[in-house]
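# Analysis of the macromolecular model
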Amino acid sequence: MSKRRYDLPPLGFVQGFEAAARTLSFTKAAEELFLTQSAVSRQIKTLEDHLGVQLFERRHRALALTDDGKAFQRIAADVLDRLQSSINQMRARGAENQLSVTTVTGFASLWLIPRLKRFTRLYPHIDVHIVANDKLLDLERGMIDLAIRYTKTERVAPGAERLFDEDILPVCHPSLVASNVTPLRRPRDLAHHTLLHLDYHGARKTWFDWGTWQTVLGIEDLKPAGHLYFSRYDQLIQAAMAGQGVALGVSPLINEAIRSGSLIAPFDKQVAGPHGYYLVRSSTGQAKPQVADFIAWLHEEVREGAVAEPLMDTVDL
């Protein structure tokens, strides 16, 4: 029997086209596929040359599909969906004892990873894969069983389970409170200390910044001794634990550090943040017993991990 030969373009080019056709943007497709915009543009041009038709109309600051592009989009999406579904099924059969979890880096570093040994002690036969990424990953395409999403309540995905909400409170190393020179005992004392910030890289600041907190504390006019900026939340908290300044802590992410004495909350006021942590299962994760075991363990950790602290005044944002 003669060997069948296919005259097909590279699969990666078809994926690039599908993403660009779905988003009508080479830039968004590039971000989704972790490529440059010019790389996606070259892929599309090569694909058009291979097919002998134009797939997109390049307009000023906009893209539109041609009739051939619309037809090829339907074909490409169907083929990629079928291929991905088959791959998912094969991988699921070969990964009966595996569990993949994605979440934001701060939650992974400060809350999840320090507790994982308790899960592996209970379930030593389950191989856990942690994917820490601040980008929103596609669970189906990434073959990820479970996501722990950090999001606002009104943006929660259908079927998501609440893990916990957040409270925001200033935290620092105990030595800053006990200092003989510049003790941190009341909000006005922040004038003698460095404030630790998340670096927004030029983007508009959100609720999670010291300006909001100074308003809550009634010290809008306060000028701190200095500022330090960090690109990741876990780095910011590590700096606070090292005595380098005062950070805005997210409870319960910093509860363990407070319990151990690595951090202290110097004031009696906290803010109820607008975000929470929610569990989202992928289609493959829905049927896996190890995912159900992991979620049950997470909820138990939340119940047992609450820190008994003096009551604080809570202000809603």
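Scroll up for the structure.
Read on for a plain summary of the structure. (Residues numbered from 1 in each chain as written. Predicted model: local features only at pLDDT ≥ 70, side-chain atom pairs only at ≥ 80, totals over all residues. Heavy atoms only, no water.)

### Quick look at the nonpolar core
Going by this rule: Residues enter a nonpolar core if they are buried and are Ala, Val, Leu, Ile, Met, Phe, Trp, Tyr or Cys, with the set joined through side-chain atoms within 4.5 Å. The rule is simple: take the accessible area with a 1.4 Å probe, protein chains only, and divide by the maximum for that residue type; under 20% is buried, over 50% is exposed, in between is partly exposed. Note on conventions: DSSP H or I runs of at least 4 residues are helices, E runs of at least 2 residues are strands, and numbering of each starts at the N terminus.
Counting residues in each nonpolar core, the largest one holds 51 residues, and the members touching the most others are Phe107, Leu112, Ile148, Leu190, Leu253, Phe294 and Leu298. Among the elements that make up this core, the one with the highest residue count is helix H5 (residues 105-122) (6 residues). Counting residues in hydrophobic clusters, the runner-up holds 18 residues, among them Ala19, Phe26, Leu63 and Phe72.

### Comments concerning the environment of Asp167
Note on placement: Asp167 falls in strand E6 (residues 161-171). In the structure, Asp167 is positioned 104 residues away from Val271 in sequence and 5.5 Å away in space, judged by C-alpha atoms.

### Some details on the packing of helix H1 (residues 11-23) against helix H2 (residues 26-33)
Counted only if it meets this: To obtain an axis, a line is fitted to C-alpha atoms, over the contacting stretch when the element is a helix, and the angle between two such axes runs from 0 to 180 degrees between their N-to-C directions. Comment on the angle field: the value is read as roughly parallel under 35 degrees, roughly antiparallel over 145, roughly perpendicular from 65 to 115, and oblique elsewhere. Helix crossings get a hand from a simple test, with the near helix turned counterclockwise from the far one by less than a right angle marking a left-handed crossing and a clockwise turn marking a right-handed one. Contacts are assigned to residue pairs with any non-hydrogen atoms lying within 4.5 Å of each other.
The N-to-C vectors of H1 and H2 enclose an angle of 130°; their axes lie 8 Å apart at closest approach. Between H1 and H2, the angle falls in the class oblique. Once H1 is placed against H2, the crossing between them reads as right-handed. Contacts from Gln15, Gly16, Ala19, Ala20, Arg22 and Thr23 of H1 reach H2 at Phe26, Lys28, Ala29, Glu32 and Leu33.

### Notes on helix H8 (residues 233-241)
What H8 keeps buried is the set Tyr233, Asp234, Leu236, Ile237, Ala239 and Ala240. Once H8 finishes, Gly243 follows within two positions and takes phi at roughly 80°, a positive value.

### Here's the deal with H2
Cut-off, in case you're wondering: Regarding the arc, it is the one traced by the directions from the helix axis to the C-beta atoms.
By the burial criterion, the buried members of H2 are Phe26, Ala29 and Ala30. Seen along its axis, H2 keeps its buried residues to an arc of 100°; they face one direction. Turned more than 90 degrees from where H2 packs its buried face, Lys28 and Glu31 sit exposed. Turning to H2, the residues buried within the fold contact H1, helix H3 (37-51), strand E1 (56-59) and strand E2 (62-65).

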